[in-house]
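Below are the chains, spelled out letter by letter.
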Amino acid sequence: LKILTISSVIVSMLLILVAFCTQYSIKEKSDLKSRTNILAQCLDGYDEDIEINILTKMYDNVSDIRVTLIKSDGTVIYDNEADTTTMENHFERPEVKQAVTYGNGSSSRNSETIGEKIYYYAVKLNNGSILRMSQPTKVIMYMVLTIMPIVIIILICIIAVSFVSAKHLTKYILDPINEVDINNIGKAEIYDELPFYFILWPLLSVHGKRKDGKNQT
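Residues numbered from 1 in each chain as written. Predicted model: local features only at pLDDT ≥ 70, side-chain atom pairs only at ≥ 80, totals over all residues. Heavy atoms only, no water.

**Q** Go over the sheet that holds strand E4 (residues 117-124) with me, naming the residues and quoting the values.
**A** Pairing within the open sheet is antiparallel, and its 5 strands lie in the order E2-E1-E5-E4-E3. For this open sheet the edge positions go to strand E2 (76-79) and strand E3 (104-110), each flanked by a neighbour on one side alone. On average, each strand axis in the sheet is tilted by 20 degrees relative to the strand beside it, whichever way the strands run. As judged from the 7 bridges shared by E4 and strand E5 (residues 130-136), these two strands associate in the antiparallel manner. Bridge pairing in E5 links Val123 to Leu131. (Pairing = 2+ DSSP bridges. Helix = DSSP H or I, 4+ residues; strand = E, 2+ residues; numbered from the N terminus. Axes fitted to C-alpha atoms, helices over the stretch in contact; angles between N-to-C directions.)

Pasting the structure below:
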């Protein structure tokens, strides 16, 4: 029973953790899409030089999110985390190709520039340029590691409470049954602690009668 209880609690907590990570990942991707679309609306209507100037002022000192501006031919003209002169052509990147064709696109992969697993979202601007924003998936893992101690503490508390409850419940159920005198079943005291006593009464009565019958023979 104890092993089953522990296993159930552990499995439940793991499922909760997986569900939390999944929902958090979905929310982070949705937030990134919203931020990209809003920024794209702010940049639309300006030429590339002004777009670069705006992005430089807004994101050069931002480290939690990466912003890249790409020309329609795939040339990178702005990136807040890398030197654009050393970056290769981005036209073949999945999210860029999707944005060129459909107006927006997304993908997840390891970044060759910064060497991390990244989620990318790109939007095509009115002038044909591609605005791309991205975020490392390590942010999600950081959140998981942050709540892990809390999850472990909750898990330990649940297991401890389960053990204590199971012990007291077992004693509550079995003590009145152990005190029933089968030989004097007809005079047995009905315990207040045994709310299901009447369910057991017919079985105990039959057992007592059979035993009395054997003694008489």
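**Q** I'd like to hear about the nonpolar core, residue by residue, with values.
**A** Judged by nonpolar contacts, the single largest core of 17 residues is most densely connected at Leu39, Leu55, Tyr59, Val67, Leu131 and Met133. Considering each element in turn, this core owes the most residues, 4 residues, to helix H1 (residues 2-43). Not counting chain neighbours up to four residues away, the residues in contact with Met133 comprise Leu32, Arg35, Thr36, Leu39, Tyr59, Ile65, Arg66, Val67, Tyr119, Tyr120 and Tyr121. Residues Ile70, Val96, Ala99 and Ala122 belong to the second largest nonpolar core, which totals 8 residues. (Core = buried A, V, L, I, M, F, W, Y, C linked by side-chain atoms within 4.5 Å. Buried < 20%, exposed > 50% of the residue type's maximum accessible area, 1.4 Å probe, protein only. Contact = heavy atoms within 4.5 Å.)

**Q** Summarise the pattern of salt bridges; cite the residues concerned and give the values.
**A** Tallying each qualifying case throughout the model produces 6 salt bridges. In this structure, the salt-bridge partner of Glu95 is Arg132, at a minimum N-O distance of 2.8 Å. One end of the pair, Glu95, is in helix H3 (residues 94-102); the other, Arg132, is in strand E5, and 37 residues separate them in sequence. Given a relative accessible area of 0%, Glu95 falls into the buried group. A network of salt bridges, in which partner residues are shared, links Glu95, Arg109 and Arg132. (Salt bridge = Lys/Arg side-chain N within 4 Å of Asp/Glu carboxyl O.)

**Q** Let's hear about the environment of Tyr121: which residues, and what values?
**A** On the secondary structure map, Tyr121 appears in strand E4. For Tyr121, a relative accessible area of 7% corresponds to the buried category. On a C-alpha basis, the gap between Tyr121 and Pro94 in space is 9.9 Å, while along the polypeptide they are 27 residues apart. Apart from residues no more than four positions distant in its own chain, Tyr121 is found in contact with Leu32, Lys33, Thr36, Asn37, Asn104, Gly105, Ser106, Leu131, Arg132 and Met133.

**Q** Before we move on, can you summarise the confidence of the model for the chain with the specific residues and values?
**A** With 71% of its residues at a pLDDT of 70 or more, the chain shows a mean pLDDT of 77. Under a pLDDT of 50 for its full length, residues 193-201 has, in the predicted model, 17 contacts with residues more than four places off or in other chains. (pLDDT = per-residue confidence, 0-100.)

**Q** Tell me about the pairing of E2, and name the residues and values.
**A** In the case of a regular strand, side chains alternate between the two sheet surfaces. Here 3 bridges tie strand E1 (residues 66-70) to E2, and the two strands are oriented antiparallel to one another. Across the sheet, Leu69 pairs through a bridge with Tyr78, a residue of E2. In this structure, the hairpin formed by E1 and E2 is closed by a connection of 5 residues, where Gly74 is found at a positive phi of approximately 100 degrees.

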